[in-house]
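The primary structure of each chain is shown beneath.
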Amino acid sequence: EVYFKDTNAARAKGIGIIHQELSLFPNMTVYQNIFMGHEKKKGFFLDDKAHSEGAKKILQRLEHEIPPETMVGDLRVGQQQMVEIAKALSFNPRIMVFDEPTATLSEREVDSLFAQIHRLKAEGIGIIYVSHRMQEFPLIGDRITILRDGVKINTVGINDCTNEELVNMMVGRSVEQVYARTE
């Protein structure tokens, strides 16, 4: 078990988090959001050129050509999600946690997000993906860990159990026992 005092302590150990609710500043640029909290300086001043170039490199790595000088409030939700991922990547994480990331995305944006997750996995970044949308698991996962009331119930390979078995582990009983069909 590992306990972190705060987000900065987790980040220092190589953990990046993409929260369900976006935590960007809409009245700031993409590059300002990406480097918020770990700004580069040139003497006493912020190095906006280095921020812009750094943001551009990270966004290119994600295969997204969002201009770093764009105001975040002018972006679509899916683009803002990519800025959140770029922000996490700016700290060079070894593990990224995605908490219900598809909740507000369109189908096209979900496809783009999953492509990013596959790229990150290929780069050797560990992915923890939190979701209740079971149809997403086989598209990006290798293993599923079921938690109930904060307790680990089981870890299974993505193809080693049925959806019904997963649901039973999630709720702690056979769903048919409680919600039997009547026709």
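See the structure printed just above.
Residues numbered from 1 in each chain as written. Predicted model: local features only at pLDDT ≥ 70, side-chain atom pairs only at ≥ 80, totals over all residues. Heavy atoms only, no water.

A. Geometry of the pattern of salt bridges. If you walk through the whole model with that rule in mind, you get 4 salt bridges. Note that R119 and E63 form a salt bridge whose closest N and O atoms lie 2.5 Å from each other. One end of the pair, R119, is in helix α5 (residues 107-122); the other, E63, is in the loop between α3 (48-61) and α4 (77-89), and 56 residues separate them in sequence. What makes R119 partly exposed here is its relative accessible area of 26%. What makes E63 exposed here is its relative accessible area of 52%. Ionic pairing is found between D142 and K121, a salt bridge with its closest N-O pair at 3.5 Å. Taken together, the residues D142 in the loop between α6 (137-140) and β6 (143-148) and K121 in helix α5 connect sequence positions 21 residues apart. A relative accessible area of 48% means that D142 is categorised as partly exposed. (Salt bridge = Lys/Arg side-chain N within 4 Å of Asp/Glu carboxyl O. Helix = DSSP H or I, 4+ residues; strand = E, 2+ residues; numbered from the N terminus. Buried < 20%, exposed > 50% of the residue type's maximum accessible area, 1.4 Å probe, protein only.)

B. The packing of aromatic side chains, seen in detail. Applying the stated criterion across every chain yields a total of 1 aromatic pair. Ring geometry for F114 against Y129: centres 6.1 Å apart, planes inclined by 75°, an arrangement best described as edge-to-face. Of this pair, F114 sits in helix α5 while Y129 sits in strand β5 (residues 126-130), and the two are 15 residues apart along the sequence. Neither F114 nor Y129 differs from the other in exposure class; each is buried. (Phe/Tyr/Trp six-rings, centres within 6.5 Å; stacked < 30°, edge-to-face > 60°.)

C. Structural context of the nonpolar core. V30, I34, I85, L89, M96, F98 and L113 are the most contacted members of the largest nonpolar core, which has 30 residues in total. Those elements that provide at least two residues to this core are α2 (30-34), α3, α4, β4 (95-99) and α5. With 6 residues, the top contributor of residues to this core is α4. With near-sequence residues (within four places) excluded, F98 lies in contact with I18, I85, L113, I117, L120, I127, I128, Y129 and V130. (Core = buried A, V, L, I, M, F, W, Y, C linked by side-chain atoms within 4.5 Å. Contact = heavy atoms within 4.5 Å.)

D. Structural detail: α4. With 13 residues, α4 should cover 18 Å at 1.5 Å per step; its first-to-last C-alpha distance of 18 Å lies within 8% of that length. Across the 13 residues of α4, 12 count as buried, placing the element largely inside the fold. Every buried residue belonging to α4 is among G78, Q79, Q80, Q81, M82, V83, E84, I85, A86, K87, A88 and L89, and all of these are buried. For α4, the elements touching its buried residues are β1 (15-18), α2, α3, β4 and α5. (Expected span 1.5 Å × (residues − 1).)

E. Highlighting the side chain of Q80. On the secondary structure map, Q80 appears in helix α4. Setting aside chain neighbours within four positions, we find Q80 in contact with L22, L24, V72 and L75.

F. Representation of the sheet that holds β1 in the model. Read from one edge to the other, the open sheet built from 3 strands follows the order β1-β4-β5, with strand pairing classed as parallel. A strand with exactly one partner marks an edge of an open sheet, and here the two such strands are β1 and β5. Along the sheet, successive strands turn relative to each other by an average axial angle of 15°, direction set aside. Two elements, β1 and β4, share 4 bridges in a ladder whose sense is parallel. From the neighbouring strand, I15 faces β4, where its bridge partner is I95. Across the sheet, α4 is in contact with β1 and β4; its angle to β1 comes to roughly 165°. Running at roughly 145° to β5, α5 makes contact with β4 and β5 of the sheet. (Pairing = 2+ DSSP bridges. Axes fitted to C-alpha atoms, helices over the stretch in contact; angles between N-to-C directions.)

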